[in-house]
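Reading the structure
What follows is the residue order along each chain.
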Amino acid sequence: MDRIAFDKITPDLIERWKKCDKEAERTLLWETNLFRALKAVIFKEDAKYYYNEVWPKNPESYLERDEIEGFATDALMGVRDRVKDNPSQYSFPDARRLWSYLKVSGIGACHNAVLDEVKIQQAHVAGDESTKDKEGIETEETIMSRIPSSDEAENGVLVGEIMDDIDTLYKNFLSSLSKQLRDHFLGLEKAMGDRVSLMNFLQAKGEWFPEVYDHFEKRGLKRRTFDTNNRRLREKWKNFSKRDGREPYNRLKKRYEKG
């Protein structure tokens, strides 16, 4: 693991980073090696956690190295976003304190992601249909599920205006994704054919989408990787709709809550 340049991580840099300063973020990401080192530590700890503690108790489960590495990245970015969303609640007087908090919180979040994935795999094996609707999909009643797909007006609002917000959400969310998740996201769009269906998919709780998976299976994607990518996308969408995509999402929500 490359050495971290702790001398560059000053209290002022930390405070600016907490307040979403882009230059401070760039320094922490690229110049100090902090995030790269944290990701390596989180991945190492959770790989050991899975293979030494989780897998022996759940031998029917199987996580690949890249899946655990993806969990580590998501966990670290989730902790980062939590701090930046509520900067006044966190105090890091020095670089070591910041390192310690991100490390411990990231490992804990990654542990939870590993356990969640194992539970998903167990549900697949068990084939429990008790929480699914007649199509085998457990959905959450959200604003996206009520967006019309026609050119008609609903509640006095033209669908064209609604689709402008859909397009804004789509473009901004796409630009926030890593290459792996961006490719998966675009693959989902191709499989579904329209953006409204795609966003409905992002807000579904279940992981059983055989027709969508058929599109990926023909291209050689493993079912576990498909499910993992979906889980990661949904978590990112959840955070995105509350933060960077909050304004267009809330406009859609208000329009339909009036109906």
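For clarity, every value in this text was computed on a predicted model and none was experimentally measured.

This paragraph deals with the nonpolar core. Residues Ile-9, Leu-34, Leu-98 and Trp-99 are the most contacted members of the largest nonpolar core, which totals 38 residues. For this core, the elements supplying multiple residues, two or more each, are α1 (11-18), α2 (22-31), α3 (34-57), α4 (65-85) and α5 (95-126). Looking at which element gives the most residues to this core, the answer is α3, with 10 residues. Apart from the residues lying within four places of it in its own chain, the contact partners of Leu-98 are Ile-9, Ile-14, Trp-17, Leu-34 and Phe-92. Counting 24 residues, the second largest nonpolar core, distinct from the first, contains Leu-188, Tyr-213, Phe-240 and Leu-252.

Attention now moves to the packing of aromatic side chains. Under the defined criterion, the tally for this structure stands at 14 aromatic pairs. Seen from their ring centres, Phe-173 and Trp-237 are 5.3 Å apart, and the 90° between their planes marks the pair as edge-to-face. Taken together, the residues span a long stretch of sequence, with Phe-173 in helix α6 (residues 159-175) and Trp-237 in helix α10 (residues 223-242) at a distance of 64 residues. Judged by relative accessible area, Phe-173 falls into the buried class, the value being 1%. Among the residues examined, Trp-237 registers a relative accessible area of 2% and is labelled buried. Plain terms: the ring middles of Phe-216 and Phe-226 are 5.3 Å apart, the flat faces sit at 50° to each other, and that makes the pair tilted. Here the residue Phe-216 occupies a position in helix α9 (residues 210-217), and Phe-226 occupies one in helix α10, the gap between them amounting to 10 residues. As far as burial versus exposure is concerned, Phe-216 and Phe-226 are alike and both buried. Among the aromatic residues, ring-to-ring pairing joins Tyr-170, Phe-173, Phe-185, Trp-237, Phe-240 and Tyr-249 into one connected group. Against the face of Phe-6 rests Arg-96, its NZ or CZ located 3.8 Å from the ring centre.

Before going further, it helps to spend a moment on the environment of Asp-167. Within the element layout of this structure, Asp-167 appears in helix α6. Residue class for Asp-167 comes out partly exposed when judged on its relative accessible area of 26%. Remark: the alpha-carbon pair of Asp-167 and Arg-195, spanning 28 residues in sequence, is separated by 8.0 Å.

Orientation of helix α8 (residues 195-202) relative to α10, taken along the N-to-C sense of each, is 95°, at an axis distance of 9 Å. Between α8 and α10, the interaxial angle falls into the category roughly perpendicular. Residues Met-199, Phe-201 and Leu-202 of α8 form the contact with α10, whose own contacting residues are Phe-226, Asn-230, Leu-233, Arg-234 and Trp-237. Tallied by class, the residues present in the contact of α8 with α10 amount to six nonpolar, one polar and one charged.

So, about the environment of Phe-92. Secondary-structure assignment places Phe-92 in the loop between α4 and α5. Given the relative accessible area of 5%, Phe-92 is considered buried. When the C-alpha positions of Phe-92 and Ile-14 are compared, they lie 7.3 Å apart, and in sequence the two are 78 residues distant. Not counting residues up to four positions away in its chain, the partners in contact with Phe-92 are Ile-14, Lys-18, Val-83, Arg-97, Leu-98 and Tyr-101.

Take α1 next. Buried residues of α1: Leu-13, Ile-14, Trp-17 and Lys-18, and no others. Relative to the axis of α1, the buried residues are bounded by an arc of 135° and lie together on one face. Where α1 terminates, the next one or two residues include Cys-20, which has phi positive at roughly 70°.

Rules and cut-offs
Residues numbered from 1 in each chain as written. Predicted model: local features only at pLDDT ≥ 70, side-chain atom pairs only at ≥ 80, totals over all residues. Heavy atoms only, no water. Core = buried A, V, L, I, M, F, W, Y, C linked by side-chain atoms within 4.5 Å. Buried < 20%, exposed > 50% of the residue type's maximum accessible area, 1.4 Å probe, protein only. Helix = DSSP H or I, 4+ residues; strand = E, 2+ residues; numbered from the N terminus. Contact = heavy atoms within 4.5 Å. Phe/Tyr/Trp six-rings, centres within 6.5 Å; stacked < 30°, edge-to-face > 60°. Lys NZ or Arg CZ within 6 Å of the ring centre and 35° of its normal. Axes fitted to C-alpha atoms, helices over the stretch in contact; angles between N-to-C directions. Parallel < 35°, antiparallel > 145°, perpendicular 65-115°, else oblique. Nonpolar A, V, L, I, M, F, W, Y, C, P; charged D, E, K, R; others polar. Arc of directions from axis to C-beta.

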